[in-house]
Amino acid sequence: MSSQRPKISLKRISRRSTLGLLGIGVPSGIWAAAIEPNHLSITRKELILPRWPKALDGFRIAQVTDVHFRPGDDEKLIAKVREALALESPDLIAVTGDFVIDDPSSLPEFARALKDLSATHGVIASPGNHDRWHCRSHNLKKEIEGAGMTFLSNAGTNLHIKGENIFVNGLDSIWGGRPNPTRAWRGHQKGTPVLALVHEPDPFDELHQSHPLDLQLSGHTHGGQCRVPILGYVPVKVKFGRKFIYGHFQKADSQLFVGRGIGTVGLRVRFACAPEIAILTLRSA
Ligand SMILES: [Fe+2]
């Protein structure tokens, strides 16, 4: 009995593999560069906050984060953001930092692009690491406030709604600024629920133990920006954004939501991680 081994052509296999990879890689690359970065998505989530007042059950926050505005590239995307926010008509809009990438001259253009957004109880913004690295503090305040937003960096404000108080504060960027939680929580009255805008998510671990904190809103990670399906996650994790990459987290009575954000850093690409506005509906326990 004779056995004949099938002849395997390595050349043919490698040619097929190359064609296969090209067949997946080229469309994926086109999708990641030309389609997904412009494909705005809306994420809706209900969060039950144990200390949230019954009178404010159903309070809706729209989170816009990490716009990293690129003049000349992002105008259509921002038009979609504005349109979506107008349709949603939220109670509050929270803009959690990284307005620019690395060019301070894009700050006034960002401010113009997002000028006069409308929400029942206002638009509140706090800075991200890129803003603090590349823009002067007084310019940040001037431009953001000129756009009709309240700029909170190591500061807080009390909102009086339907006979209830809520305290909203913003911390300076952990990575790029001079965060001072003591100042950020100044003016908070015991028992008042706290919504904290903190660009980088990882300080949640310490903040929820050291300060009253009902909900922290963060961005910074871009949800990974380019995620790898099956393998699951991010190729690169960013400083102060390693523990909480995307989504909803809870520790004791404190909660954290990390948004995917709108824009991009590096190449203008996103994959399996579309630009996002998060609509968070707060429920009393
Ligand atoms: Fe960012």
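The rules behind each value
For every chain, the first residue of its written sequence is number 1, and the numbers climb from 1 along that sequence. Selection of residues for local features in this predicted model requires a pLDDT of at least 70, selection of side-chain atom pairs for listing and counting requires 80 or more, and totals for whole chains, interfaces and linings are taken over all residues. Excluded from the side-chain calculation are hydrogens and water; included are all heavy atoms of the structure. The rule for donors is simple: an N, O or S atom within 2.8 Å of the metal counts, and for Na, K and Ca the reach is 3.2 Å. Water is not among the atoms, so a site may look short of donors. Only two sets of limits are used to name each site, 85 to 135 degrees for every angle of a tetrahedral four-donor site, and over 155 degrees for opposite donors with all other angles from 65 to 115 for a square planar four-donor or octahedral six-donor site, with any other site named irregular. Numbering goes from the N terminus for both helices and strands, where a helix is a DSSP run of H or I of at least four residues and a strand is a run of E of at least two. Each residue is assigned to one of three classes by its accessible area relative to the maximum for its type, calculated with a 1.4 Å probe on protein chains only: buried under 20%, partly exposed between the two thresholds, exposed over 50%. Pairing of aromatic side chains here covers Phe, Tyr and the six-membered ring of Trp, requires ring centres within 6.5 Å, and sorts the geometry by plane angle: under 30 degrees stacked, over 60 edge-to-face, intermediate tilted. Strands qualify as paired when DSSP identifies two bridges or more between them. What goes into a patch is any residue over 30% in relative accessible area without a salt bridge, connected to like charges within 9 Å or, for nonpolar side chains (Val, Leu, Ile, Met, Phe, Trp, Tyr), within 5 Å. For every accessible area listed, the method is Shrake-Rupley and the probe measures 1.4 Å; residues are considered covered only by the protein chains on display. Any carboxyl oxygen of Asp or Glu within 4 Å of a side-chain nitrogen of Lys or Arg constitutes a salt bridge here.

Chemist: Provide a residue-level description of the coordination of the iron ion, including the pertinent values.
Modeler: Binding of the iron ion to the protein goes through Asp-66 (OD), His-68 (NE2), Asp-98 (OD) and His-222 (NE2), at separations of 2.1 to 2.4 Å. Note that the iron ion binds four donor atoms; their angles at the metal cover 89 to 176 degrees, and the shape is irregular. Each donor residue of the iron ion belongs to the same chain, and together they define the spacing D-x1-H-x29-D-x123-H. Pair noted here: Asp-98 is in the loop between β3 (92-95) and α3 (106-113) and His-222 is in the loop between β9 (215-218) and β10 (247-251), with a separation of 124 residues, a long-range link. Take Asp-98 and His-222: they sit in the same class, and that class is buried.

Chemist: Account for the packing of aromatic side chains, with residues named and values stated.
Modeler: Enumeration over the complete set of coordinates arrives at seven aromatic pairs. Ring geometry for Trp-175 against Phe-240: centres 6.4 Å apart, planes inclined by 65 degrees, an arrangement best described as edge-to-face. Remark: Phe-240 occurs in the loop between β9 and β10 and Trp-175 occurs in the loop between β7 (164-170) and α6 (181-184); sequence separation between them is 65 residues. The class of Trp-175 is partly exposed, set by a relative accessible area of 30%.

Chemist: Tell me about the pairing of strand β12 (residues 276-284), and name the residues and values.
Modeler: With respect to burial, β12 is a largely interior element, eight of its nine residues being buried. Here five bridges tie strand β2 (residues 59-64) to β12, and the two strands are oriented antiparallel to one another. Across the sheet, residue Arg-60 finds its bridge partner in β12, namely Thr-281.

Chemist: Help me get a handle on a nonpolar patch on the surface, residues and values and all.
Modeler: Taken together, Val-26, Ile-30, Trp-31 and Ile-35 make up a surface patch of nonpolar side chains, about 350 Å² in accessible area. On the secondary structure map, Val-26 appears in helix α1 (residues 10-35). The partly exposed category is assigned to Val-26, whose relative accessible area is 45%.

Function-wise, these values are silent; they only describe arrangement.
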